Amino acid sequence: MTNESNLKIENVVASTKLAEEFDLNLIVEKFQTAEYNKQKFPGLVYRVSDPKAAFLVFTSGKVVCTGAKNVADVHTVIGNMAKKLNGIGIKTIENPDIAVQNIVASADLKAVLNLNAIAIGLGLENIEYEPEQFPGLVYRISDPKVVVLIFSSGKLVVTGGKTPEDCARGVEVVREQLDNMGLL
């Protein structure tokens, strides 16, 4: 059986409300690397490097954080962002509710897989497999509610998880089902 060390979190997307509203023109003026072009996109884009993440900041006071490699980093960078906003005179909500929207992770079953046999074995109601369109098999799992992309190389991409445990369980479901079908 696999352990979580095989699972690598690639991206955590989370959202929160940091203020009742934001003046994006003020923020773009004060934050050197911020980008804001209202004609192209309604939010301001701001990238940070330690830990690495990017923010989409909206006039509504909502903030989307993407690119973090773990949930702890999301909390760190959002806290840092609030401090930086306070530093330019923008009052922020204390202890905001931070909701993880999506975690993308990768794993490797370390086996060459026959996707045609897997497509038949898993049953057509939960999968999409059109090799002419996309080289991976798309497998929708209901518990945990994740989508796993399965590639013939044995590599997996798990998306839709709200916790790292969801992603790990998604990998386990795939591993167990393939093992039970004798395809691993």
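Residues numbered from 1 in each chain as written. Predicted model: local features only at pLDDT ≥ 70, side-chain atom pairs only at ≥ 80, totals over all residues. Heavy atoms only, no water.

## Notes on the nonpolar core
Step number 1: Membership of the largest hydrophobic core comes to 51 residues, with the highest contact counts inside it found for Phe-22, Ile-27, Phe-55, Val-57, Leu-137, Ile-150 and Val-174.
Step number 2: No other element matches helix α2 (residues 71-87), which puts 6 residues into this core.
Step number 3: Here this core spans two domains, since at least three of its residues come from each of domain 1 (12-100) and domain 2 (109-181).
Step number 4: In contact with Val-174, other than residues within four places in its own chain, are Leu-109, Tyr-139, Ile-141, Val-148, Ile-150 and Leu-156. (Core = buried A, V, L, I, M, F, W, Y, C linked by side-chain atoms within 4.5 Å. Buried < 20%, exposed > 50% of the residue type's maximum accessible area, 1.4 Å probe, protein only. Helix = DSSP H or I, 4+ residues; strand = E, 2+ residues; numbered from the N terminus. Domains from an automatic or database assignment. Contact = heavy atoms within 4.5 Å.)

## Looking at the sheet that holds strand β1 (residues 8-17)
Step number 1: Reading across from one edge, β2-β3-β4-β1-β5-β9-β8-β7-β6 is the order of the 9 strands in this open sheet, with antiparallel pairing throughout. Sheet topology places β2 (44-49) and β6 (127-128) at the edges, where each strand pairs with a single neighbour.
Step number 2: Direction of pairing for strand β5 (residues 99-108) relative to strand β9 (residues 155-161): antiparallel, over a ladder of 5 bridges. In the sheet register, Ser-106 faces β9, and the bridge partner there is Val-157.
Step number 3: Here α2 sits on the sheet and contacts β1, β2, β3 (52-57), β4 (62-68) and β5; the angle it forms with β3, its principal contact strand, is near 55°. (Pairing = 2+ DSSP bridges. Axes fitted to C-alpha atoms, helices over the stretch in contact; angles between N-to-C directions.)

## Points about a negative patch on the surface
Step number 1: There is a patch of like negative charges on the surface, built from Glu-20, Glu-21, Asp-23 and Glu-29.
Step number 2: Along the chain, the position of Glu-29 falls in helix α1 (residues 24-30).
Step number 3: In this structure Glu-29 comes out as exposed when scored by relative accessible area, which is 63%. (Patch = residues over 30% accessible without salt bridge, like charges linked within 9 Å, V, L, I, M, F, W, Y side chains within 5 Å. Areas by Shrake-Rupley, 256 points an atom, 1.4 Å probe, with all protein chains shown as cover. Salt bridge = Lys/Arg side-chain N within 4 Å of Asp/Glu carboxyl O. Lys, Arg positive; Asp, Glu negative; His and termini not counted. Charge placed at Lys NZ, Arg CZ, Asp CG, Glu CD.)

## Quick word on the packing of aromatic side chains
Step number 1: Per the counting criterion, the structure on display carries 3 aromatic pairs.
Step number 2: Relative to Phe-151, the ring of Phe-134 lies with its centre 5.8 Å away and its plane at 65°, an arrangement referred to as edge-to-face. Taken together, the residues Phe-134 in the loop between β6 and β7 (137-141) and Phe-151 in the loop between β8 (146-150) and β9 connect sequence positions 17 residues apart.
Step number 3: Under the relative-accessibility criterion, Phe-134 is labelled partly exposed at 35%.
Step number 4: The class for Phe-151 is buried, based on a relative accessible area of 19%. (Phe/Tyr/Trp six-rings, centres within 6.5 Å; stacked < 30°, edge-to-face > 60°.)

Taken by themselves, the reported measurements are silent on function.
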